[in-house]
Amino acid sequence: MSVSLTPAAARHVTKSLTKRGSGIGLRLAVKTSGCNGFAYALEFVDATNPDDECFETHGVKVIVDPRSLGMLAGTELDFVREGLNEGFKFNNPNAKANCGCGESFAV
């Protein structure tokens, strides 16, 4: 299974990478944190590690480390604007519970 971006998320990442001036894509990872046990971690990537998995959607690369892939397989990353707020929304089929803010999840 893969990790993908919606068109809105791909546009946002492309715009951010252009503004940053460098980078080959976006790293999506899982860290132990949050009220449900796990939290998403995002960062721009300048180089990949040999064991990384790389998925490309709408011309944007999403890089995932092997440890995180099991919890992220099938995840779609969206970028949404709700009122004055904007940010990434994680549509993760592996998440059994999510916190109210959408930042952490349980598997």
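Residues numbered from 1 in each chain as written. Predicted model: local features only at pLDDT ≥ 70, side-chain atom pairs only at ≥ 80, totals over all residues. Heavy atoms only, no water.

Here is the rule: UniProt positions are given in the numbering used here, feature names are shortened, and annotations may be inferred rather than shown by experiment.
As recorded in an unreviewed UniProt entry, the protein chain goes by Iron-binding protein IscA and comes from Rhodoferax lithotrophicus. The record held by UniProt for the protein chain lists under Sequence similarities (unreviewed entry) the comment "Belongs to the HesB/IscA family." Listed in UniProt under the heading Cofactor (unreviewed entry), the comment for the protein chain reads: "Fe cation".

### As for the pattern of salt bridges
What counts is decided by this rule: A pairing counts as a salt bridge when a side-chain nitrogen of Lys or Arg comes within 4 Å of a carboxyl oxygen of Asp or Glu. Only runs of H or I of at least four residues qualify as helices and only runs of E of at least two qualify as strands under DSSP, and these elements are numbered from the N terminus. Relative accessibility decides the category of a residue: with a 1.4 Å probe and only protein chains considered, values under 20% of the type maximum give buried, values over 50% give exposed, and everything between is partly exposed.
The full count for this structure, using the stated rule, is 4 salt bridges. Salt-bridge contacts for Arg-27 lead to Glu-43; the nearest nitrogen and oxygen are separated by 3.7 Å. Placement of the pair is Arg-27 in strand β2 (residues 25-32) and Glu-43 in strand β3 (residues 38-45), with a sequence separation of 16 residues. Relative accessible area serves as the criterion here: at 10%, Arg-27 is assigned to the buried category. The salt bridge involving Glu-86 is made with Arg-81; its shortest N-O contact spans 2.7 Å. Judged by relative accessible area, which is 47%, Glu-86 ranks as partly exposed.

### A short note on the packing of aromatic side chains
Any pair of aromatic rings gets described here by the distance separating the centres and the angle formed by the planes. Defined as follows: Note on aromatic contacts: the rings of Phe and Tyr and the six-membered ring of Trp form a pair at centre separations within 6.5 Å, being stacked when their planes are under 30 degrees apart, edge-to-face when over 60 apart, and tilted otherwise.
Applying the stated criterion to the full structure yields 2 aromatic pairs. Arranged with centres 3.8 Å apart and planes meeting at 10°, the rings of Tyr-40 and Phe-90 form a pair that is stacked. Taken together, the residues Tyr-40 in strand β3 and Phe-90 in strand β7 (residues 85-91) connect sequence positions 50 residues apart. Tyr-40 gets classed as buried once you look at its relative accessible area, which sits at 9%. A relative accessible area of 16% places Phe-90 in the buried class.

### Re the sheet that holds strand β6 (residues 76-82)
Definition in use: Any two strands with at least two DSSP-identified bridges between them are counted as paired.
What the 3 strands build is an open sheet, ordered β1-β6-β7; its pairing is mixed. Looking along the sheet, the strands with just one partner apiece sit at the ends: β1 (4-5) and β7. In the sheet, β1 pairs with β6 via 2 bridges, with the strands oriented parallel. For Ser-4, the partnering residue across the bridge sits in β6 and is Glu-76.

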